[in-house]
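Structural overview for review
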Amino acid sequence: MNGSLHLNLIKEEEIVSSSPIRSRVMLPLVGIVGLVTVLLMWTMTEFRLSGLEDQKARLTAVVNERQGAHRDVLRLRGELAALKATFRQLGYYTNSCVRWAETVSSLAGVVPTNIQLTALNLVPAPLPYPPVDKAQAALWHGPTNAFERATLIIEGMAKEPNREKAINALVEALNAPPFTNRIEKAEIRKGGTWQDSTQREYLHFKITCAAQPRRFE
């Protein structure tokens, strides 16, 4: 009988792996490496998150600071625009200044001898109301019209003889040169002549003179 007989005399618990690294050593090592890796990743994530929070805080501070500066710039621009509008309006008034001294002085040469002037009033044009809108009213610095017209009121009293004729002659003179340089139309309006019960020899009058418009340019 040529068959070989093999006997296994090693107990089962004595059987060892042919690998040089034992599993009971490898498994704990892999677990430790995995745990360390997770801890490192968590630490790096926390560090990066902390850095992003710091960057966010810095950017927020910069934005808030620049927003304040932006508001200041807008406010200063508004004040600058308001000042420019004021100076522009004052410049219009300066350019449109009308001098009445020469016109008033010329009155002495045309007033009849039986007329005595009692009052000279230069009434400016009424100011317009500011805009209703509050935002526009805050930037309103006076009239924005291109021109305005004043009114010269001449009051006096005429004595006989020919008092009505003398008054009419004065009105005609005011509607002729050199007064037309300043006066567009002179007239006695309804109710512009009357008598005083205490001075019946005098006829009182009021001549309304619409001045040539002054232009703001």
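Data block above holds the structure.
An account of the accompanying structure is given in this report. Please read all numbers here as calculations on a predicted model, not as lab measurements. (Residues numbered from 1 in each chain as written. Predicted model: local features only at pLDDT ≥ 70, side-chain atom pairs only at ≥ 80, totals over all residues. Heavy atoms only, no water.)

This part takes up the side chain of Arg-163. Structurally, Arg-163 is set in helix α4 (residues 163-174). The buried category is assigned to Arg-163, whose relative accessible area is 10%. A polar side-chain atom of Arg-163 sits 3.4 Å from a polar atom in the side chain of Glu-160. (Helix = DSSP H or I, 4+ residues; strand = E, 2+ residues; numbered from the N terminus. Buried < 20%, exposed > 50% of the residue type's maximum accessible area, 1.4 Å probe, protein only. Polar contact = N/O pair within 3.5 Å; in protein donor to acceptor, adjacent residues only side chain to side chain.)

With that settled, consider the pattern of salt bridges. Tallied over the full model, the rule gives seven salt bridges. Taking the shortest distance from any N to any O, the salt bridge between Arg-149 and Glu-184 comes out at 2.8 Å. Note that Arg-149 is positioned in the loop between β2 (147-148) and β3 (151-159) and Glu-184 in strand β4 (residues 183-187), a separation of 35 residues in sequence. Using a relative accessible area of 31% as the deciding quantity, one classes Arg-149 as partly exposed. In this structure, the salt-bridge partner of Glu-187 is Lys-185, at a minimum N-O distance of 3.7 Å. Look at Glu-187 and you get partly exposed, because its relative accessible area is 26%. Each of Asp-72, Arg-75 and Glu-79 takes part in one network of salt bridges that share partners. (Salt bridge = Lys/Arg side-chain N within 4 Å of Asp/Glu carboxyl O.)

As a further point, take the nonpolar core. Residues Ile-115, Ile-154, Leu-174, Ile-183, Ile-207 and Cys-209 are the most contacted members of the largest nonpolar core, which totals 20 residues. Those elements giving two or more residues to this core turn out to be β3, α4, β4 and β6 (199-211). Ignoring any residue separated from it by four or fewer positions in sequence, one finds Ile-115 in contact with Met-157, Ala-158, Ala-166, Ile-167, Leu-170 and Phe-205. (Core = buried A, V, L, I, M, F, W, Y, C linked by side-chain atoms within 4.5 Å. Contact = heavy atoms within 4.5 Å.)

We now examine unusual backbone geometry. Residues Glu-160 and Pro-161 are joined by a peptide bond in cis, for which omega reads 10°. With omega at 0°, the peptide bond leading from Pro-177 into Pro-178 counts as cis. Note that Pro-178 resides in the loop between α4 and β4. A positive phi angle is found at Asn-162, which is not glycine, with a value near 55°.

The next point concerns the environment of Arg-200. With respect to the helices and strands, the residue Arg-200 is situated in strand β6. For the pair formed by Arg-200 and Lys-159, sequence separation is 41 residues and the distance between their alpha carbons is 9.3 Å. Residue contacts for Arg-200: discarding those within four places in its chain leaves Arg-163 and Gln-195.

Turning to α4, a few remarks are in order. Taking 1.5 Å as the rise per residue, α4 with twelve residues should run 16 Å; its terminal C-alpha atoms sit 17 Å apart, in good agreement. Of the positions making up α4, those classed as buried are Arg-163, Ala-166, Ile-167, Leu-170, Val-171, Ala-173 and Leu-174. Angular distribution of buried residues about the axis of α4 spans 160°; they occupy a single face of the element. Structural note: α4 exposes Lys-165 and Glu-172 on the side pointing more than 90 degrees away from its buried face. (Expected span 1.5 Å × (residues − 1). Arc of directions from axis to C-beta.)

This paragraph deals with the layout of surface pockets. Put simply, the largest pocket is a space of about 190 Å³. Around the largest pocket sit 13 residues that line it, and Val-98, Trp-100, Leu-122, Ala-150 and Arg-214 are the ones nearest its centre. When the residues that make up the lining of the largest pocket are grouped by side-chain class, the tally is seven nonpolar, two polar and four charged. (1 Å grid on protein atoms, 1.4 Å probe; cavity = no way out; pocket = protein on both sides within 12 Å on 5 of 7 lines; lining within 4 Å. Points joined across faces, edges and corners; volume = space filled by probe spheres on them. Nonpolar A, V, L, I, M, F, W, Y, C, P; charged D, E, K, R; others polar.)

The next point concerns the side chain of Thr-103. Structurally, Thr-103 is set in helix α2 (residues 101-106). According to the relative accessible area criterion, Thr-103 is buried, its value standing at 10%. Here Thr-103 is in contact with Phe-179 and Arg-182, once residues within four sequence places are set aside.

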